[in-house]
Amino acid sequence: MSNPLELEDRPRVLVVDDEKFIRDILADFLGLEGYFVRTASDGVSALDVLHASRFDVVISDLKMPRMGGIELLEAIPRISPNTLTIIMTGFGTVETAIEAMKRGAYDYVLKPFKMDEVIHIVRRGIDKQRLAAENLRLKEAVSLYSVSEAISASLSLEEILETIGQLAVQEMKADVVTIWLEDRKGGFVERHSRMGNRLQFGGQLHIDVIVQHLMNDQNIVAHGTSSERYFASTPDSPIVSLLVVPLKVTRRLLGWIALVSTNHTVRFDEGHRKLFSIIGARAAAAIENAKLYEELQGTFQQTIHGLAKAIDKMDRYTSGHSDRVALYATFLANKLGLSEDVVAVVNQSALMHDIGKIGCVLNLNKPGTLTQEEYEVFKKHPQYGKDILEPIKFLHPLIPGVQLHHERWDGKGYPLGLRGTEIPLIARIIAVADAYDAMTSNRAYRRALPQDVAIGEIERCAGTQFDPEAALAFIEGIDEFMANRKKLRG
Ligand SMILES: [Fe+2]
């Protein structure tokens, strides 16, 4: 038996004539030439056939009952824009045939015709169509290539999935795209889906069959009923074409991208399969990278939080101080309109700002204030913080915030005595957040100050201790921020 895919890929011709003899003879000859042929006895039934499936070429008689060749010719582009129409006509109606060409017919055949001539015209038409499809594909390939570059450059999983979804809908004309990735339990879960022109689509992928197929083979291209092995569609959402490409890194299946077409003008073929396989391979590597990056970020955050806890444990009076300073500093960085990346560094630097206390051999739990001597040791903590972070390369971006959070706008701070904008903005932000938390928490030597007193103090020291712009932005937004936070925490 021949391979069903080969049968599926044969050029498809629809013969339309009211004379059964002509239909049969054309069907026989074209069938012998390797074409897939269907017949219809007039324009109306031809349109029914075209609604149900795709054809490369329609050969139609001009004069038929119900609907003639010209009317059919005009209706075809609306249903199947890529189908070529060849008109058959008798000697007496050559002018009509020429008129048909003007209205978009690909060519015409005069009756009585020689079979060779018909076959020649059909073959020429199919070749022309394939060439046009290849040109189109080349264009698609170029835009797909630039998108795949963008996918490779991204480290955000959400962004990668979004880009693939857009690409499948816009360039591949898929009606539905669904991307599945492995979950933590050894199964697969849908991570992204997008609809093209459709608003709704029913049905379900047969996960086990798909996984088995993708593990053994490369990818899946199926049409009509043969796609039901992989996808249980609902009667109101029948599938025309299905394309599934694996997301594989070495031999490991990370997931897959499935494209569904419910429209007869979009039928995924070998060219689509090849193009989207390239995207799949690129995407798989990018997804793996993004996941590793996310894990690395997670580990980084956990490490920093762990260290922040360790710092706060040294001093029972400052329990939770690092977390709260990070919270206020992040609020202030956002309020000042800093970019997401800078806000992240502000957050992490604030969590770490007091890490240098680890280097101060002091009893921070003793009641009362520090002696002058103890205070001199304590004042070294920002510099110690820098020394602790220095050997750890990935913590280097946190050094400015840690080393310089006790600098003052008027230059009277420590350890370097920098002034104004000589002090990095990150450190100026942490200075405000640090002072606010210190004032609103209990200390060994005093009770927490009320919020409005602390805010008044920040305002009083704007332009001397604090960067005036940062201090004013803090005062402006802190009440609302605290109120929202309270609401969120119930
Ligand atoms: Fe400090």
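In every chain, residue numbers begin from 1 and rise along the written sequence. Confidence filtering applies because this is a predicted model: local features only for residues at pLDDT of at least 70, side-chain atom pairs given and counted only at 80 or more, and all residues used for totals across whole chains, interfaces and linings. With hydrogens and water stripped out, all remaining heavy atoms of the structure feed into the side-chain values.

**Examining the overall build of the chain**
Then, in step 1: Runs of E in the DSSP output that reach at least two residues are strands. Runs of H or I that reach at least four are helices, and both are numbered from the N terminus. Helix and strand counts for the chain stand at 17 helices and 12 strands.
Then, in step 2: At 36 Å, the chain has a C-alpha radius of gyration far larger than the 23 Å of a compact globule built from 490 residues.
Then, in step 3: Overall, the chain is about 115 × 45 × 40 Å in size when its C-alpha atoms are taken along their principal axes.
Then, in step 4: Residue burial in the chain is summarised as follows: out of 490 residues, 46% are buried. Restricting the calculation to C-alpha atoms gives the radius of gyration, and the globule rule supplies 2.2 Å times the number of residues raised to the power 0.38. Buried, partly exposed and exposed residues are distinguished by accessible area as a fraction of the type maximum, computed with a 1.4 Å probe on protein chains only: under 20%, between the cut-offs, and over 50%, respectively.

**Some points on the pattern of salt bridges**
Then, in step 1: Here a salt bridge means any side-chain nitrogen of Lys or Arg lying within 4 Å of a carboxyl oxygen belonging to Asp or Glu. Taken as a whole and judged by the stated rule, the model has 21 salt bridges.
Then, in step 2: Across the salt bridge formed by R252 and E182, the nearest N and O atoms sit 2.7 Å from each other. On the criterion of sequence distance, the pair formed by R252 in strand β12 (residues 252-261) and E182 in strand β6 (residues 176-182) is long-range, its members being 70 residues apart.
Then, in step 3: Take E182: its relative accessible area is 23%, and that puts it in the partly exposed class.
Then, in step 4: E476 is the salt-bridge partner of K335, the closest N and O atoms lying 3.4 Å from each other. Linking K335 in helix α10 (residues 321-335) with E476 in helix α17 (residues 468-489), this pair joins segments that are 141 residues apart in sequence.
Then, in step 5: A relative accessible area of 38% means that K335 is categorised as partly exposed.
Then, in step 6: Each of E182, R252, E288 and K291 takes part in salt bridges that share partners, so that together they form one network.

**Here we look at the nonpolar core**
Then, in step 1: Among buried residues, those of type Ala, Val, Leu, Ile, Met, Phe, Trp, Tyr and Cys that are joined through side-chain atoms within 4.5 Å constitute a nonpolar core. Formed by 42 residues in total, the largest nonpolar core has its most connected members in L332, M352, Y436, I458, F474 and I478.
Then, in step 2: Residue assignment for this core shows that the elements contributing at least two residues are α9 (270-313), α10, α11 (340-352), α14 (399-403), α15 (425-440), α16 (451-460) and α17.
Then, in step 3: Counting residues per element, this core draws most heavily on α15, which supplies eight residues.
Then, in step 4: Beyond its immediate sequence surroundings of up to four residues, I478 is in contact with Y328, F331, Y436 and I455. Two residues qualify as a contact provided that any one of their heavy atoms is within 4.5 Å of a heavy atom in the partner residue.

**Considerations on the side chain of D312**
Then, in step 1: As for its placement among the helices and strands, D312 is situated in helix α9.
Then, in step 2: This count recognises Lys and Arg as positive and Asp and Glu as negative, with His and chain-terminal groups excluded. Buried charge without a salt bridge: D312, with K357 as the nearest opposite-charge side chain at an N-O distance of 6.5 Å.
Then, in step 3: Beyond its immediate sequence surroundings of up to four residues, D312 is in contact with T318, S319, G320, H321, S322 and D323.

**Focus on the packing of α11 against α15**
Then, in step 1: Orientation is described by lines fitted to C-alpha atoms, with helices fitted over the stretch in contact, and by angles between N-to-C directions that extend from 0 to 180 degrees. As a packed pair, α11 and α15 sit with axes 10 Å apart at the nearest point and diverge in direction by 55 degrees. Considering the angle they form, α11 stands oblique to α15. Two packed elements cross with a definite hand, and for α11 against α15 that hand is right-handed. In contact with V345, V346, S349 and A350 of α11, α15 contributes I426, I429 and I430. Roughly parallel here means an angle under 35 degrees, roughly antiparallel means over 145, roughly perpendicular means 65 to 115, and every remaining angle is called oblique. Take the far helix as the reference: if the near one is turned anticlockwise from it by less than a right angle, the crossing is left-handed, and if turned clockwise, right-handed.

**Describing the pairing of strand β5 (residues 107-111)**
Then, in step 1: Burial along β5 is one-sided: D107, V109 and K111 are buried, while Y108 and L110, pointing the other way, are not.
Then, in step 2: The pairing of strand β4 (residues 84-90) with β5 spans five bridges and is classified as parallel. Considered in β5, the bridge of I86 is made with D107. Each pair of strands is called paired provided DSSP finds at least two bridges between the two strands.

**Some remarks on the pairing of strand β2 (residues 36-40)**
Then, in step 1: When strand β1 (residues 12-16) meets β2, the two strands line up parallel, connected through five bridges. Within the sheet, the bridge partner assigned to L14 lies in β2 and is R38.
Then, in step 2: As for the winding sense of the linkage, the β-α-β connection from β1 through helix α2 (residues 20-32) to β2 is right-handed. The handedness of a crossover follows from its direction of travel: if, with the strands pointing away from the viewer, the path from the first strand over the helix to the second runs clockwise, the crossover is right-handed.

**Section: the domain arrangement of the chain**
Then, in step 1: Domain annotation of the chain identifies domain 1 (4-132), domain 2 (154-292) and domain 3 (314-489).
Then, in step 2: An automatic or database domain assignment supplies the residue ranges for each domain. Measuring from the centre of the C-alpha atoms in domain 1 to the corresponding centre in domain 2 gives 35 Å.
Then, in step 3: Each partner contributes residues to the interface: domain 1 has 11 residues there, and domain 2 has six residues.
Then, in step 4: Across the interface of domain 1 and domain 2, roughly 670 Å² is buried in total on both sides, 47% from carbon and sulfur atoms.
Then, in step 5: Applying the counting criterion to the domain 1 and domain 2 interface returns zero salt bridges.
Then, in step 6: As used in this structure description, the phrase polar contact means that two N or O atoms lie within 3.5 Å; if the pair is within protein, one of them must be able to donate a hydrogen and the other to accept it, and residues adjacent in sequence are counted only when both atoms belong to side chains. Taken together, the connections running from domain 1 to domain 2 amount to zero residue pairs in polar contact (both at pLDDT 80 or more).
Then, in step 7: At the level of secondary structure, the elements contributing two or more residues to the side of domain 1 that touches domain 2 comprise α1 (4-9) and α3 (43-52).
Then, in step 8: Ranked by residue count, the leading element in the side of domain 1 that touches domain 2 is α1, at three residues.
Then, in step 9: Note on residue classes: Ala, Val, Leu, Ile, Met, Phe, Trp, Tyr, Cys and Pro are nonpolar, Asp, Glu, Lys and Arg are charged, and everything else, Gly too, is polar. Residue composition of the side of domain 1 that touches domain 2, grouped by class: four nonpolar, four polar and three charged. Summed over both partners, the accessible area (1.4 Å probe) lost when two parts come together is defined as the buried area.

**Focus on a nonpolar patch on the surface**
Then, in step 1: Taken together, the side chains of L155, Y293 and L296 make up a nonpolar region of the molecular surface, amounting to roughly 290 Å² of accessible area.
Then, in step 2: As for its placement among the helices and strands, L155 is situated in the loop between α6 (115-153) and α7 (157-170).
Then, in step 3: Relative accessible area serves as the criterion here: at 42%, L155 is assigned to the partly exposed category. Here the term patch refers to residues with relative accessible area over 30% and no salt bridge, with like charges joined within 9 Å and nonpolar side chains (Val, Leu, Ile, Met, Phe, Trp, Tyr) within 5 Å. Here the open area of atoms and residues is found with the Shrake-Rupley method and a 1.4 Å probe, where only the protein chains shown may cover a residue.

**Overview of the sheet that holds β4**
Picture the strands of a sheet paired through backbone hydrogen bonds; they go either parallel or antiparallel.
Then, in step 1: Strand order across the open sheet formed by five strands is β2-β1-β3-β4-β5, with parallel pairing between neighbours. Of all strands in the sheet, those bounded by a partner on one side alone are β2 and β5. Neighbour-to-neighbour, the strand axes of the sheet open up by a mean angle of 20 degrees, direction not taken into account.
Then, in step 2: Contacts from helix α4 (residues 69-79) reach β1, β3 (57-61) and β4 within the one sheet, and its direction differs from that of β3 by about 160 degrees.
Then, in step 3: On top of the sheet, α6 reaches β1, β3, β4 and β5; it is set at about 170 degrees to β5, its chief contact.

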